[in-house]
Amino acid sequence: MALGRGFGKRNRNPWVAIPRSILIAFVMSKIVGFFAPEAEPRPGDAVAIPTALGPLTAQALGDAHDPVVVAVNGMAAAVGDEWDRVARAVAASRRVVVPDFHSNAKTAPRPWIFGVSDGDAERVLADVVEHASPSRPVALLGKSWGGALAARYAAAHPHRVSRLVLVAPAQSNATVAAGLAMPTLLLWARDDAMVRVHHADAYAKHAPKLTRHTVRKGGHRVLDEYTAAVRDFVLQ
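Within each chain, residues carry numbers counting from 1 in the order of the written sequence. With the structure being a predicted model, the display of local features is reserved for residues of pLDDT at least 70 and the display and counting of side-chain atom pairs for 80 or more, all residues being used for whole-chain, interface and lining totals. As a convention, hydrogens and water are excluded, and side-chain values are obtained from all of the structure's heavy atoms.

What follows is about the overall build of the protein chain. Counting its regular elements, the protein chain contains 7 helices and 8 strands. Put simply, the protein chain has 236 residues, and 50% of those count as buried. Partitioning the intrachain contacts of the protein chain with sequence separation of at least 6 by distance along the chain shows that 72% fall at a separation of at least 24. Numbering of helices and strands starts at the N terminus; helices are DSSP runs of H or I of at least 4 residues and strands are runs of E of at least 2. Burial status follows relative accessibility: with a 1.4 Å probe on protein chains alone, a residue under 20% of its type maximum counts as buried, one over 50% as exposed, and anything between as partly exposed. Working rule for contacts: check all heavy atoms of both residues, and any pair within 4.5 Å makes them a contact.

Pasting the structure below:
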């Protein structure tokens, strides 16, 4: 089931179409990014990760020997720092890796047919997870486009994901939700105009180990108030 107009209708390949709401989110984030003040330095170090589509850059912080957290951003390059607060909050006991899919033209997500395909994005994420933690499962975090990608990957590779955190994932699918065998934290703002909160219902209905956390206001963002909940969930 794809989100946005037509949600719940049959779709031959529901992972190909980007919902109209996510196109709007992409455009709005570009506008916000243009007028935003200069960003603070990112935490950690920039590292190169080899993938099937070529290397991409990731921010990495924390001890390389600690259990790994992989956090996937939303579609737009302007929101590349949205997991930074969470990363800082868990880095004392976790190795945090935040891949930048926009650092390689072949892996960059864009609306409609112009960006990386869903299948290629999943292969790239698999390479990131394997590179970051070859012998242990990871805690996987994803927001919006990154949330949809994280959910698909976790359902297809449950042995590689110990815990899953989704913030307003941009697609909802009962089969994928049912495949989330790991503890899953789902966060959503009721006033999210980009990906409506009622799309959380498919996860609530079908994900077997779901904890659902909804806030009244916050829009389509990784909110400051999510940080403690995500930290506590990841560190369990």
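Next comes the rest of the description.
Turning to its location among the elements, Lys143 is positioned in strand β5 (residues 138–143). In protein, a polar contact means a hydrogen-donor-capable atom and an acceptor-capable atom, both N or O and within 3.5 Å, with residues adjacent in sequence counting only if both atoms are side-chain atoms; elsewhere, any N or O pair within 3.5 Å suffices. There is a polar contact of 3.2 Å between the side chain of Lys143 and the backbone oxygen of His220. With residues up to four places along the chain from it excluded, the contact list for Lys143 reads Val72, Asn73, Gly74, Glu82, Trp83, Val167, His220, Arg221 and Val222.

Time to look at the environment of His206. Its location among the elements puts His206 in helix α6 (residues 201–206). Along the sequence, His206 and Ala177 sit 29 residues apart, while their C-alpha atoms lie 5.5 Å from each other. Non-local contacts of His206, meaning those with residues more than four positions away in its chain, are made with Ala174, Ala177 and Ala178.

Within the fold, Lys205 resides in helix α6. Considering only alpha carbons, one finds Lys205 and Ala174, 31 residues apart in sequence, at a separation of 8.1 Å.

Attention now moves to the confidence of the model for the protein chain. Within a predicted model, pLDDT stands for the predictor's per-residue confidence, ranging from 0 to 100. When pLDDT is averaged along the protein chain, the result is 86; 82% of the residues meet or exceed 70. Predicted confidence for residues 1–18 stays below pLDDT 50, and this span has 39 contacts to residues more than four positions away or in other chains.

Attention now goes to the sheet that holds strand β8 (residues 210–215). Note on pairing: two strands pair once DSSP finds at least 2 bridges between them. In space, the 8 strands of this open sheet follow the order β1-β2-β4-β3-β5-β6-β7-β8, with mixed pairing throughout. With one partner strand each, in any of the chains shown, β1 (45–49) and β8 form the two edges of the open sheet. Going from strand to strand, the sheet's axes swing by 20 degrees on average, the running direction of each strand aside. In the sheet, strand β7 (residues 184–189) pairs with β8 via 6 bridges, with the strands oriented parallel. Its bridge partner lying in β8, Leu186 is registered against Arg212. To get an axis, fit a line to the C-alpha atoms, keeping to the stretch in contact for a helix; angles then go from 0 to 180 degrees between the N-to-C directions. Lying over the sheet, helix α3 (residues 118–132) contacts β1, β2 (56–61), β3 (68–72), β4 (95–100) and β5, oriented at roughly 155 degrees with respect to β3. Lying over the sheet, helix α4 (residues 145–156) contacts β3, β5 and β6 (161–167), oriented at roughly 145 degrees with respect to β5.

By this rule the span expected of a helix is its residue count minus one, scaled by 1.5 Å. The end-to-end C-alpha separation of α4 is 17 Å, in line with the 16 Å expected for 12 residues at 1.5 Å each. By the criterion of burial, α4 is predominantly enclosed, with 10 of the 12 residues buried. All of the buried residues along α4 are Trp145, Gly146, Gly147, Ala148, Leu149, Ala150, Ala151, Arg152, Tyr153 and Ala154. Considering only its buried residues, α4 is in contact with β3, α3, β5, β6, α5 (174–178) and α6.

Looking now at the nonpolar core. What makes a nonpolar core is a set of buried Ala, Val, Leu, Ile, Met, Phe, Trp, Tyr and Cys residues whose side-chain atoms join them at distances within 4.5 Å. Counting residues in hydrophobic clusters, the biggest one holds 62 residues, and the most contacted among them are Val70, Leu140, Leu141, Leu164, Val165 and Val230. The residues contacting Val230, other than those within four sequence positions of it, are Val86, Leu141, Val165, Leu185 and Leu187.

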